[in-house]
Each structure stands twice: as C-alpha cells, then as structure tokens.
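Residue-level listing of the chains:
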Amino acid sequence: MSAIIGVETLIIMVIILLLSASWRLYQRRKYYRSVTSKFPVICGIPFIGAAYHVFDVNKLFKNISNGFDIMKTLTGCMWVAATPYVLTIDTEIIKHVTTSPEFLNKAPDLYTQFHNDILNGLIVSPAKKWKISRKALNPFLAHNNVVALFPAFNQNANNVKNKLARLAGQGEQDIFTIIKDCGLQLSLFTIMGLKLEEGSEKHRETMWAFNALADHMAMDLILGWLGLGFLSRTPHYKRVVKSVRKIVRPLVEENLAKPVDSDDINDFEKDNKTLIDLALKAFRQRLFNEKDMEVECFTMIAASYETSVGAAYTCLVLLAMHPEIQERLFQEIRSVYPDGITSVEYDDLKKLPYLDMCVSEALRLVPPAAFIGRQAVYDTELCPGVILPKGTQVLLAIYVLHRRKEIWGPDAHRFNPDNFLPENVAKRHPYSYMPFSKGPRNCIAARYAQITLRIILIHTIRSLKFSTTFKYEDIILVPKVTLGFKTDPPLHIEVRTN
Ligand code: HEM
C-alpha cells in the first residue's frame, strides 16, 4: 500500500514540477533568451536543471567547476529546475556585482527560505527598505557594542568548553548539538536580551522551536530551487512559526511598553547592548512598525544562529582531522594564556595570528553561504559589452571561487592555514576570498561573528584536545540553511592537563 502511495505521490510531484516549469517558461521567455544567448551553459540540463544535485553538494560543485573549465570561462549560465542563472567565479565581476547599486537587491529564488512572514527582514529586504533598516541596525554591530558583549561571548565559550569537557574520554561523540544549543542561547541573549534557564521547560521549547524552524528553512531552500517552495508550507511549518512567534512576541511587547526616554530615541549610537533596543528606537522614530521590529529580530537570529554554530563546529572538526595544525594552534594559545583562561579580552585577539589563519582557512573550505545571489534592479552592464536585462539573477559561487586552483594552487582542496600568511594574502585578488560577502550588503555582523568564533576556539582548544577517525576526504557537504556536513563527524575529546 505504502509503495502505491509512494508512486502516486511521485507522479503528482512530477506533474506539478512540469506544470510549474512550463508556466515559468512562458512568463519569462524574454529573460531566458537574453541569459542563455550571452553565456555558455556550464551546469544543468536546460529546463530540467541541476537541482537534483542539492543532496550532494560536492557533486554539484564538481560539476560547476568542471563546467567552467570545459567552457574555458569564469562566467556562465546554470540551469536550476527551469530557470537559467548567471553564475560567476570571476573576481572582477564579483567585485562589480557586490559593490554596484544596480545589484543591491537579492536574487529572490536563492532566498525562498527567508520569504515567510517572520524572516523577511534585512537579509532579503528590497534595496529601498534595506537602506533604512541597515542604518538603523548597524550600531548593534559597531565596534564599541561588540566589545561590550565580550562578557556574554566569554560566558558562551566557557559554557561550550565545560559541556564538551563532560564528554571527555567517552569515545567519539556528537558535539554539534552542544555547540548549537549554546549558540542559540548566545543569539537570543545578545539580540533579544532573553536569558534561558538551562534545562527549563522554556529552554527545551525554545530549542525545539528554533531547530524545527531551521529544518523547515532547509527544506524550503531545496524546494525553492525546484520552483516548488509552496509545497513546504505545511501545517507543521505553520505550527513551528507560531511557536517561535510565541517566544519572540512577548519580548517585543515588553520593549514597546517601556517608557519613552526622549533624549535617547534620536541617539542610535548610545548604549545599545541588544538589537531589540535599536529596533525599538527605529520604531519610535517611525522607521519601523511593530511587525518590522519582530521580523528584524527573527532575521538576525536566523542569520546568526546557523552560520556561527556551523562555523565553530567546522573549525573544530577540521582541527580534529589535522592534529599537527591543532597542536600548533594550541601552542600559540597557550603562549598567550600560560595559566589557563578566565576571560578573553579584545586586545588578546591581536596576539593570535595563527588562530586567524585557521579560522580563515576553515571558512574558505566550508563557507556557510556557498552561493550569494543578486538581482539586477534595472537593465545593466555586467562586464564590458554584456547587458543584463532587469530582473536577471546573478549567483556568486563562493564555494567554487574559494577552491579555484589558479588562485589557491594545486592543493586548493587541502586544509592549509598557510594560505593566509600575510605574503600569500597580498598576492591574491581581494575578491577571491569572501565568506562574509563584500560591499555595502556584506554580512552586517562579520566582526561579531569573527570574535565569537575566535573566543569559542580559544577556550576549547586551550583546555581540550580533539581527534576523530572520520577522514577529511570522506566529508560530504549538503545545503542546510547554510552549508553543512551530510554526516556530522563525531569527535573524541581529551582534557588537557597543562
Ligand atoms: C561565521 C559566521 C557568519 C558568516 C560566514 C556570515 C556570512 C554572511 C554572508 C555571506 C552574508 C551575505 C549573504 C548574501 O548576500 O546572500 C551575510 C549577511 C548577513 N548576516 Fe552574516 N554571517 C555570519 C554570522 C552572522 C551573525 C552572527 C549575524 C548576526 C548577529 C549575521 C547577520 C547577518 C545579516 C543580518 C545579514 C544581511 C545583511 C544585509 O543584507 O545587509 N551574520 N552573512
């Protein structure tokens, strides 16, 4: 019986896919002609696409990379389902796209997971609204505010370290769940001022709701690429959205009820520890409405959570797989903290160049945002002699860019922090490495993210030693909300004694 239902479901899915593809094709025929006539197809079968590769991104990336090589081009056309996209790994074109006002809008098809009722904030806002929101929220990530968050960053890192230490000597263990739990708590605290009591009912409910939301977003992303995003909006998804709103809404209301301090509302730079403080100021200045306040807080949590925890876990996994690099990093950290760590201060970070190199290398090989997508606001020139029509979606293939052999050498796939020795960095085009994107629409929280990541690594690597039998060559990457491991490598932990 279940097999029959399976076949029926499959047939219905195929019919829906074909109908949706034909409808898109009809609506966008002029656009198709203009994209496909200007660029060679480097990946995907016309009108069928390459989306079936999303379950094994390694293969998708390999195909894209081969496509660029075979066609001897750095910019081509990629079919995803029934849509052709301009896909580029050309550093000059990437520079143009990320810095030009005509590409300030995001490519809608790449961000379907954010186009719901609660996450459609800064990440996907159209340029006009984005400018207002970015200006209002920027002070949250300003230097002084980030430095003021150091006690929270240290507490989070210490928490991660203590929880991981409890797994020591127990064989290879899942450490990602712990990193995710602590990462979400940090995001909720720094963004919303919400402190969860460890192990409480509210803690459990919150973890469940945000993780379920992340799972739905991952599904949204895949279905969105297939042009079937509407299929992901199931009753369960709606229940999950309701649950996360139940957590955030009271905090927004609590803030709205605060008395207005008229001196304060025009001063966006003053004393803003949390993002919601700034959102409230924007509300009182009539830049945001109530809904915007809620949406921008959600968006910031969604943007921070998966990226940061994924990056921290990736760094630890890659260090566990490369013991000699981990040892060198440990020695560097120990030289700065010979007697152990009570707290990491801002100036300490300048004394740890090898840590910077390890983090940069991990984000090169596994950039949380594997693609960045922009859309032409009007007809515009992409490069000399190539005019793109308004609405063209241009995808920057960050993962492939970060592994281009002409830039990173024949061992581009190897984990080698020396790629970030100053003399090597100086030789490269500045747009050949961009885990946080670049230009005015780059990651608003790059500094926050870089610091939290370093503080977690300092606390953990100083006290713990990681190893794994999982081989680097066996890693398969898959798109979750961000790029992640198909199988999360478990790690063995030892507590260091010196
Ligand atoms: C290692 C961690 C992180 C990485 C690698 C990362 C990477 C990125 C990238 C590549 C973009 C541009 C996306 C695009 O154009 O498609 C972006 C945007 C953004 N990120 Fe991050 N991010 C990280 C952490 C964070 C954190 C911790 C926060 C919040 C506290 C955050 C908030 C945002 C927001 C709000 C945007 C949209 C900015 C805009 O459009 O103006 N990110 N991030």
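Scope of this entry: the structure provided in the associated data block. Computed from a predicted structure; not experimentally measured.

It is worth spelling out the site of the ligand at this point. Taken together, 24 residues sit near the ligand, with Ala-303, Ser-304, Thr-307, Cys-443 and Ala-445 positioned nearest. Counting residues per element, the ones that place at least two in the shell around the ligand are helix H13 (290-321) and helix H19 (446-463). Top contributing element to the shell around the ligand by residue count: H13, with seven residues. When grouped by side-chain class, the residues that make up the shell around the ligand number 17 nonpolar, five polar and two charged.

It is worth spelling out the sheet that holds strand E1 (residues 41-43) at this point. Strand-to-strand pairing in sheets goes through backbone hydrogen bonds, with the strands running parallel or antiparallel. In space, the six strands of this open sheet follow the order E1-E2-E3-E8-E5-E4, with mixed pairing throughout. Two strands lie at the open edges of the sheet, namely E1 and strand E4 (105-106), each paired on one side alone. For strand E3 (residues 83-88) and strand E8 (residues 393-397), the ladder comprises three bridges, and the chain directions are parallel. If you follow Leu-87 over to E8, its bridge partner there is Leu-395.

Across its 14 residues, helix H14 (residues 323-336) extends 20 Å between first and last C-alpha, which sits within 8% of the 20 Å expected from 1.5 Å per residue. Regarding H14, the residues found buried are Leu-329, Phe-330 and Ile-333. One face of H14 carries all of its buried residues, which in axial projection span an arc of 105 degrees. Every exposed residue of H14 that faces more than 90 degrees away from the buried side is listed here: Glu-324, Gln-331 and Ser-335.

Looking now at unusual backbone geometry. When glycine is set aside, most residues are seen to have a negative phi, and most peptide bonds are trans. One non-glycine residue, Lys-72, lies in the positive phi region at around 50 degrees. Relative to the helices and strands, Lys-72 resides in the loop between helix H3 (57-71) and strand E2 (75-80). On the neighbour-count criterion, Lys-72 (7 C-beta atoms within 10 Å) is exposed. Of note, Arg-286 is a non-glycine position whose phi angle comes to about 65 degrees, a positive value. Locating Arg-286 in the fold gives a position in the loop between helix H12 (275-284) and H13.

Moving on, we come to the packing of H14 against helix H15 (residues 353-365). The packing of two helices is summarised by the inter-axis angle and the distance between the axes. Across the interface, H14 lies against H15 with an axial gap of 8 Å and an inter-helix angle of 145 degrees. Classified by chirality, the crossing of H15 by H14 is left-handed. Contacts between H14 and H15 involve Ile-325, Arg-328, Leu-329, Glu-332 and Ile-333 from the first element and Tyr-354, Leu-355 and Cys-358 from the second. Across the contact of H14 with H15, the residue classes break down as six nonpolar, no polar and two charged.

About the thresholds
- Residues numbered from 1 in each chain as written.
- Predicted model: local features only at pLDDT ≥ 70, side-chain atom pairs only at ≥ 80, totals over all residues.
- Near = placed C-beta within 6 Å.
- Helix = DSSP H or I, 4+ residues; strand = E, 2+ residues; numbered from the N terminus.
- Nonpolar A, V, L, I, M, F, W, Y, C, P; charged D, E, K, R; others polar.
- Pairing = 2+ DSSP bridges.
- Expected span 1.5 Å × (residues − 1).
- Buried ≥ 20, exposed ≤ 12 C-beta atoms within 10 Å, placed from the backbone.
- Arc of directions from axis to C-beta.
- Axes fitted to C-alpha atoms, helices over the stretch in contact; angles between N-to-C directions.
- Left-handed = near helix turned anticlockwise from the far one by under 90°.
- Contact = placed C-beta atoms within 7 Å.

That's the geometry; what it means functionally is another story.
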